[in-house]
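Here's the letter readout for the chains.
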Amino acid sequence: MPGKMSFRLCALTLLLAGRISSAFVVSYQKTLLGCSSVSKPLSSLPAASIITALRAASTEELTPEEDALIIKRLEDEVMEISGVELEQLLSPAKVVNLEREIFQLKKELETTSNQARAAEIEEEIATKQTKANGEKRMYVQGWLKTLFVGQSVLSVVVAGFLSYGIVPFVEDVDISVRVLGFWFIWLFTIPSLRARKPAAGEKEALNWAFGLTPLTNLLAPFVTKDPVLIYWANLVVTAACYGYGLLLWKPSDAPAEADTTPGWVKDALKALDYGSGRERGARK
C-alpha cells in the first residue's frame, strides 16, 4: 500500500511539472531575441483573420480600414526584421496593441494645440515604439520548436507505456495511473504542439483536438473500460483533427463578423485552457 501511494504521488508530481513546462520554457524564451536563429515562416494568415484573433478592447475603437492598415504594415515589418510571420511572434497581440496605441497617439498629436501635451505624447510614442521594436524581435526559435516536438513525442510514448500498464519496477500498475496515461495526450502532447505556434491549418487542428480529446476521455468509458483502447481513441481523434485542419479547413479572407459567443462560454473555455495566449500579451 505505501508503495502504491508513493507511486501515485510521483505520478501527480510528474503531471504538475509537465503541465507548467511549456509555459515556463515559452516565458524563458521571451528573454531571448530572435537574431541568432531565424525560423522559416510557417503560416500566412489573412489580415482579416489576424485582426479577429488579435482584436483587443481600446479606449477608442479604430476603423476596420485603419486596423487592416496597421496589420499589413506590421506583417511587412516583422518579416523584414525577424524573418517570421506576425503570428509567430511570442506576443503578436501585444505588438498590435502597441501599434494601435501609437497610431491613436499620433492622431491626437496632429490635433492638439497644447505644447505641454504634445511633448507628453511624443514621449509616450517614443516609449511605446521602443517596446514594440523589442517585441518584433521575439519569436519561437527553431531549437525551442524542436524541444516542443520532442516533448510531445516523448509524452505519446510515456502515455502508451502507462496506458498499457508498463512501468519499470512496478508489477501491478494501479488503474488510476493507467487512466493518467490516456489523459497525457490532452495534458502534454497537444499543449506542446500548440506551443510551437504552428501554421494556421495545424493550429486549427490542435484547437479541435484540445476540445475533443477530453470529451473522448469522458465518453469512452461508457463504451469500454480498457485504458489501451481509450489511449488509441485519443490518437485517432487527434489524427482526424489533423486531417481536417491540414486537408479540409481553409482560412477565410472575408471580413470577420461580430463574435456572438456568449460570455459564459468564453469564460468556460478560458478556464479550461488557462494560460494559453497569455504569453502573447493578449488583453483581458
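These numbers come from a predicted model, not from an experiment. (Residues numbered from 1 in each chain as written. Predicted model: local features only at pLDDT ≥ 70, side-chain atom pairs only at ≥ 80, totals over all residues. Heavy atoms only, no water.)

## Observations regarding the overall build of the protein
Stated formally: Strands here are runs of E lasting at least two residues and helices are runs of H or I lasting at least four, both read from the DSSP assignment and numbered beginning at the N terminus. For every residue, the accessible area (1.4 Å probe, protein chains only) is compared with the maximum for its type, and the residue is labelled buried under 20%, exposed over 50%, or partly exposed between those bounds. A contact between two residues is defined here by any heavy atoms of the two lying within 4.5 Å. Here, Shrake-Rupley sampling with a 1.4 Å probe gives the accessible areas, and only protein chains in the shown set may cover a residue.
Broken down by element type, the protein carries 10 helices and zero strands. From first element to last, N terminus to C terminus, the protein shows the α and β order α-α-α-α-α-α-α-α-α-α. Counting only residues that meet the buried cut, the protein has 40% of its 284 residues in that class. Taking contacts inside the protein between residues at least 6 apart in sequence as the whole, the part at least 24 apart equals 78%. Surface accessibility of the protein: about 16100 Å² in total, with carbon and sulfur atoms responsible for 65%.

## Comments concerning the environment of G165
You can see G165 is positioned in the loop between helix 6 (142-164) and helix 7 (175-194). Between the alpha carbons of G165 and V179 there is a distance of 9.7 Å; along the sequence they are 14 residues apart. The residues touching G165, leaving out its near neighbours within four places in the chain, are V173 and R178.

## Thoughts on the nonpolar core
Operational definition: Among the buried residues, those of types Ala, Val, Leu, Ile, Met, Phe, Trp, Tyr and Cys that are joined through side-chain atoms within 4.5 Å form a nonpolar core.
With 25 residues, the main nonpolar core has F184, L187 and I190 as its most contacted residues. Of all the secondary-structure elements, those providing two or more residues to this core are helix 6, helix 7, helix 8 (200-219) and helix 9 (227-248). The leading source of residues in this core is helix 7, at 11 residues. Beyond its immediate stretch of four places on either side in the chain, I190 contacts I185, L206, A209, F210, T213 and T238.

## Quick word on the UniProt feature "transmembrane region" (unreviewed entry) in the protein
Rules: UniProt positions are given in the numbering used here, feature names are shortened, and annotations may be inferred rather than shown by experiment.
The UniProt entry lists residues 146-169, 175-193, 205-223 and 229-249 under the feature "transmembrane region" (unreviewed entry), expressed in the numbering used here. Between the first and last C-alpha atoms of residues 229-249 the distance is 28 Å; the span itself is 95% helix and 0% strand.

## Concerning helix 9
Three or four residues apart is the spacing at which side chains of an α-helix point the same way, because the helix has 3.6 residues per turn. Our working definition: Multiplying 1.5 Å by the helix residue count minus one yields the expected span of that helix. Polar contacts, as used here, are pairs of N or O atoms within 3.5 Å; protein pairs need one atom able to donate a hydrogen and one able to accept it. Residues neighboring in sequence count only if both atoms are side-chain atoms.
The terminal C-alpha atoms of helix 9 lie 31 Å apart, and with 22 residues this matches the ideal 32 Å at 1.5 Å per residue to within 8%. If you check which residues of helix 9 are buried, you get P227, V228, I230, Y231, N234, V237, T238, C241, Y242 and G245. On its buried face, helix 9 is in contact with helix 6, helix 7 and helix 8. The backbone nitrogen of V228 has a side-chain oxygen 3.0 Å away, supplied by the residue at the start of helix 9, namely D226.

## Some words on the packing of helix 6 against helix 9
Where we set the bar: To obtain an axis, a line is fitted to C-alpha atoms, over the contacting stretch when the element is a helix, and the angle between two such axes runs from 0 to 180 degrees between their N-to-C directions. Every angle not falling under 35 degrees, over 145, or within 65 to 115 is termed oblique; those three ranges are roughly parallel, roughly antiparallel and roughly perpendicular. Take the far helix as the reference: if the near one is turned anticlockwise from it by less than a right angle, the crossing is left-handed, and if turned clockwise, right-handed. Ten residues, namely Ala, Val, Leu, Ile, Met, Phe, Trp, Tyr, Cys and Pro, are considered nonpolar, four, namely Asp, Glu, Lys and Arg, are considered charged, and the remaining ones, Gly among them, are considered polar.
Interaxial distance between helix 6 and helix 9 falls to 8 Å at its minimum, and their mutual angle equals 155°. It follows that helix 6 is roughly antiparallel to helix 9 by the angle criterion. Here helix 6 runs over helix 9; the crossing is left-handed. Packed against helix 6, whose contacting residues are V156, A159, G160, S163 and Y164, the element helix 9 presents P227, V228, Y231, W232 and L235 at the interface. The residue makeup of the contact of helix 6 with helix 9, split by class, is eight nonpolar, two polar and no charged.

## Some thoughts on the pattern of salt bridges
As a reminder, the rule being used: Take a side-chain nitrogen of Lys or Arg and a carboxyl oxygen of Asp or Glu: if they are within 4 Å of each other, that pair is a salt bridge.
For the coordinates displayed, the defined rule picks out 13 salt bridges. For E135, the salt bridge goes to K94, with nearest N and O atoms at 3.2 Å. Here the residue E135 occupies a position in helix 5 (residues 115-135), and K94 occupies one in helix 4 (residues 92-111), the gap between them amounting to 41 residues. What makes K94 partly exposed here is its relative accessible area of 33%. When salt bridges that share partners are traced, they join R73, E77, E99 and K136 into one network.

## A closer look at helix 5
Rules: This arc is taken over the directions from the axis of the helix to the C-beta atoms.
An ideal rise of 1.5 Å per residue puts 30 Å on 21 residues; helix 5 measures up with 30 Å between its terminal C-alpha atoms. Listed in full, the buried residues belonging to helix 5 are A118, I121, I125, A132 and E135. Seen from one end, helix 5 has its buried residues packed into an arc of 100°, which puts them on one side. Set apart from the buried face of helix 5 by more than 90 degrees, the exposed residues are Q115, E123, T130 and K131. The secondary structure elements touched by the buried residues of helix 5 are helix 4. Where helix 5 begins, one side-chain oxygen reaches toward the backbone nitrogen of A116, 2.9 Å away; that side chain belongs to N114.

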